[in-house]
Amino acid sequence: MDSSRKIMKIAIIGGTGKEGRGLAYRWAQAGHHILIGSRMREKAQSAVDDLKTLLPEGSLLEALENSAAVEKCDIAVLTVPYSAHRETLDLLKENLKGKILIDVTVPLNPTKVTRVSMPKEGSAAQEAQAILGEDTSVVAAFQNISYENLMKNSPLDCDVLVCGSGKEARQIVLSLVEDAGLIGWDAGVINNAVVVEGLTSILIGLNIQHKVYSAGIRITGINR
Ligand SMILES: NC(=O)c1ccc[n+]([C@@H]2O[C@H](COP(=O)([O-])OP(=O)(O)OC[C@H]3O[C@@H](n4cnc5c(N)ncnc54)[C@H](OP(=O)(O)O)[C@@H]3O)[C@@H](O)[C@H]2O)c1
């Protein structure tokens, strides 16, 4: 991480799962302070203990219940299955007030994961924004990168599209994308999350067809 960058306390709600651990692994390596959240603190502690075996000594990782993690954080990240999305947000709504929430959720239909399926609000991120209201800025990101990729130590062949309410919030998330070792793109307003979330079903279909876990997306034609 660029030494001028602030170390952030990042709460990962459902951080005991696959995607949450992958993001924690990347951000802890960049020097951020990771608060692994779970419905059960003991489960969070077990995820922290596992991650510590993979990370350099001195990495900043803490185990907390989801609400305590969100209360203590600078920025929160939601990595739970879509079936738990609404219930989790309802429970944490008060704790999330005044914060940015990065929503990684893909509204997959478990029996038809290769078919795009969106909630009536348009996307999971828009649904989150509707549940949380104006006091929380929801930014959609990381839906197109698998945990298998996040746990690799090699450069990643996948970009991250960032959509959300407010350019400033998107810029903060784009910095965290960079700290995770990925290229991020400002993909505009939260309504655009429908495309990003929908791409995941297509990538899952490609993974199945080609017997891999690593299908991703790349923006071309722009020099950075
Ligand atoms: N896996 C990937 O490669 C990937 C890639 C892109 C996007 N995503 C998206 O990221 C999200 C998480 O995916 P994942 O693969 O990490 O999921 P996961 O491992 O199945 O679950 C993540 C965590 O969610 C919590 N959780 C599960 N059921 C819950 C419930 N009913 N209520 C509250 N919390 C519950 C659990 O934490 P506790 O039991 O500790 O509370 C669990 O460890 C999904 O929306 C997925 O579509 C995943």
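Reading guide: rules and limits
Residues numbered from 1 in each chain as written. Predicted model: local features only at pLDDT ≥ 70, side-chain atom pairs only at ≥ 80, totals over all residues. Heavy atoms only, no water. Salt bridge = Lys/Arg side-chain N within 4 Å of Asp/Glu carboxyl O. Helix = DSSP H or I, 4+ residues; strand = E, 2+ residues; numbered from the N terminus. Buried < 20%, exposed > 50% of the residue type's maximum accessible area, 1.4 Å probe, protein only. Pairing = 2+ DSSP bridges. Right-handed = clockwise from strand over helix to strand, strands pointing away. Axes fitted to C-alpha atoms, helices over the stretch in contact; angles between N-to-C directions. Parallel < 35°, antiparallel > 145°, perpendicular 65-115°, else oblique. Left-handed = near helix turned anticlockwise from the far one by under 90°. Contact = heavy atoms within 4.5 Å. Nonpolar A, V, L, I, M, F, W, Y, C, P; charged D, E, K, R; others polar.

1. With respect to the pattern of salt bridges
Here's step 1: Overall, the coordinates contain 11 salt bridges when judged by the stated rule.
Here's step 2: Note that E127 is salt-bridged to R86, the shortest N-O span being 3.2 Å. With E127 in helix α5 (residues 124-132) and R86 in helix α4 (residues 85-92), the pair connects residues that are 41 residues apart, well separated along the chain.
Here's step 3: A relative accessible area of 6% places E127 in the buried class.
Here's step 4: In this structure R86 comes out as partly exposed when scored by relative accessible area, which is 37%.
Here's step 5: Each of the salt bridges in this network shares a partner with another, and the network as a whole consists of R86, K120, E121 and E127.

2. Focus: the pairing of strand β7 (residues 159-164)
Here's step 1: Burial analysis of β7 places six of its six residues in the buried class, the great majority of the element.
Here's step 2: By the alternation rule, side chains of β7 split into D159, L161 and C163 and V160, V162 and G164, which are all buried.
Here's step 3: Here strand β6 (residues 137-140) pairs with β7 via two bridges, running antiparallel. Directly across from A140, in β7, lies its bridge partner C163.
Here's step 4: Where β7 meets strand β8 (residues 183-186), four bridges bridge the pair, whose relative direction is parallel. Bridged to L161 within β8 is W185.
Here's step 5: For the crossover from β7 across helix α7 (residues 167-179) to β8, the handedness is right-handed.

3. Describing the packing of helix α1 (residues 18-29) against helix α2 (residues 41-54)
Here's step 1: Where α1 contacts α2, the two axes come as close as 11 Å, and the packing angle between them is 45°. On the basis of the axis angle, α1 is oblique to α2. Once α1 is placed against α2, the crossing between them reads as right-handed. Mapping the contact onto sequence places R21, A24 and Y25 in α1 and A47, D50, L51 and L54 in α2.
Here's step 2: Residue composition of the contact of α1 with α2, by class: five nonpolar, no polar and two charged.

4. Brief notes about the pairing of strand β5 (residues 100-103)
As a general feature of sheets, a regular strand has side chains that alternate between the two faces.
Here's step 1: Of the two faces of β5, both are covered, the one formed by I100 and I102 as well as the one formed by L101 and D103.
Here's step 2: As defined by bridge partners, strand β4 (residues 75-78) adjoins β5 across four bridges and the pair is classed as parallel. Its bridge partner lying in β5, I75 is registered against I100.
Here's step 3: Taken together, β4, α4 and β5 constitute a β-α-β crossover, and its handedness is right-handed.
Here's step 4: Of the pairings in the sheet, the one linking β5 to β6 comprises four bridges and is parallel in character.

Read these as spatial facts, not as claims about activity.
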